Each structure stands twice: as C-alpha cells, then as structure tokens.
Amino acid sequence: MTMNVMPGGASSMLNLDYPQSVVVVDDYETAQKIVDTLSDKEFPVENLCIVGTDLKTMERVIGRRTWGSVLGQGAVSGLGMGLLVGLMMLLFTPGEAFFAVLLTGLLVGVVIGMITAAITYAMSGGRRDFNSVQQVVATHYEVLAEHKVAAKAREMVSEMSFMRAKAFQS
C-alpha cells in the first residue's frame, strides 16, 4: 500500500510507501536541520518527507480602506488593462499617433479601474474596511520516513545533540 502524503496524490515524487513518523518539531528550520544532519551521516534521505501539520490561517492587516485608497488601487489596477487596450488600439491606428493612442488607452484603463473599484467598494456596505494579506502556516512539522528506514531515522534523530537539548528544554 502506498499512502499519499499530499492530499489527492499531488505527485508520485511526494509519495512514501507506508510512511511513519520520525519526529514532530515546532519549526521548519529544525525539521530541515534534522534532514540535513541525516544527509550528512549518509542516511538515504530520499526516503524522507517534511510535512507541515496543524495548519492555521494568519491574516496581517496592512491598512484602512478609504475612498481615496480604493480609487488609488483601482487606478493602479486599471493601468495594466489600459496598457493592453492602448496596445490593441495601436494595431488599428497609423504610426504617427502612437503616444496619443497609448495615452488614451491608459486613461481609459485607469477610469474603468477606478469605476470598478468604486462600485465594488460601495456594494460592500462598509464590511471589511481594511486591506490585508493572508497566509496558511503550519504550527508543527513532521518528518516522515518510509517504513523500511523509519526506525533507523528515529534512532539517529535521538542521537542528535540539538534534539537532546530541545528535549531537556520542554
């Protein structure tokens, strides 16, 4: 039986045969250090996988949304569309009016971006009057090994000085 470590079998490269837990740590750097130390001791690290577990969503609020900020963001997002419109208009315009056509396309894009942003903001009715970025982070990291090498990996990890020091701190 092969168990997928990633949901949906993301890649056969991520699959381990009968994966078993070697160790669970609180940060990715420690998990990475464990695998690196095992590699230095010539352990067959191709039989290992680091899995982030106990996922949580973190949202960092980066600012208030006001009419000014909404219209500014709409104008900036409209620049890309305006550039595309201007370039498309150039295909059907004589070469002499290059800058005028490009500028017209940019202005159209900015205006449409601002209008779209204003409509969206007005329809929100004051909900989520802030900008933020979200990220899913793991709170623990588990080093998994294929069943045929898991016991050896656990034994080697228990002998690592930095892991013994962490055990005494807990």
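First, a word on what this report is: a plain description of the structure on this page. (Residues numbered from 1 in each chain as written. Predicted model: local features only at pLDDT ≥ 70, side-chain atom pairs only at ≥ 80, totals over all residues. Heavy atoms only, no water.)

## Points about the side chain of E146
Stage number 1. As for its placement among the helices and strands, E146 is situated in strand 5 (residues 130–146).
Stage number 2. The exposure class assigned to E146 is buried, which follows from its relative accessible area of 9%.
Stage number 3. Each residue touching E146, except ones within four places of it in the same chain, is listed here: N15, L16, D17, Y18 and N47. (Helix = DSSP H or I, 4+ residues; strand = E, 2+ residues; numbered from the N terminus. Buried < 20%, exposed > 50% of the residue type's maximum accessible area, 1.4 Å probe, protein only. Contact = heavy atoms within 4.5 Å.)

## Details of the packing of aromatic side chains
Stage number 1. Per the counting criterion, the structure on display carries three aromatic pairs.
Stage number 2. Considering the side-chain rings of W67 and Y121, the 4.8 Å spacing of their centres and the 85 degrees angle between planes classify their relative orientation as edge-to-face. With W67 in helix 2 (residues 67–90) and Y121 in helix 3 (residues 98–123), this residue pair connects regions lying 54 residues apart in the sequence.
Stage number 3. In this structure W67 comes out as partly exposed when scored by relative accessible area, which is 46%.
Stage number 4. Over the aromatic face of F162 sits the side chain of K33, whose NZ or CZ is 4.3 Å from the ring centroid. (Phe/Tyr/Trp six-rings, centres within 6.5 Å; stacked < 30°, edge-to-face > 60°. Lys NZ or Arg CZ within 6 Å of the ring centre and 35° of its normal.)

## Looking at the pattern of salt bridges
Stage number 1. Applying the stated criterion across every chain, the model contains three salt bridges.
Stage number 2. Across the pair E146 and K148 runs a salt bridge whose closest N-O atoms are separated by 3.3 Å.
Stage number 3. Of the charged contacts in the structure, one is a salt bridge between E155 and K152, with a shortest N-O distance of 3.9 Å. Residue E155 and its partner K152 are both found in helix 4 (residues 147–158); the two are separated by three residues, about one turn of the helix. (Salt bridge = Lys/Arg side-chain N within 4 Å of Asp/Glu carboxyl O.)

## As for the sheet that holds strand 5
Stage number 1. With antiparallel pairing, three strands are arranged side by side in an open sheet as 3-5-4. At either end of the open sheet lies a strand with only one pairing partner, and these are strand 3 (19–25) and strand 4 (48–64). Neighbouring strand axes in the sheet, compared pairwise and without regard to direction, differ in orientation by 35 degrees on average.
Stage number 2. Pairing analysis gives 15 bridges linking strand 4 to strand 5, with the strands arranged antiparallel. Residue pairing for strand 5: M58 is matched across the bridge by Q135.
Stage number 3. The strands that helix 1 (residues 28–40) touches are strand 3, strand 4 and strand 5; relative to strand 4, the one it contacts most, it runs at about 150 degrees.
Stage number 4. The strands touched by helix 4 within the sheet are strand 3 and strand 5, with strand 3 carrying the most contacts at an inclination of about 25 degrees. (Pairing = 2+ DSSP bridges. Axes fitted to C-alpha atoms, helices over the stretch in contact; angles between N-to-C directions.)

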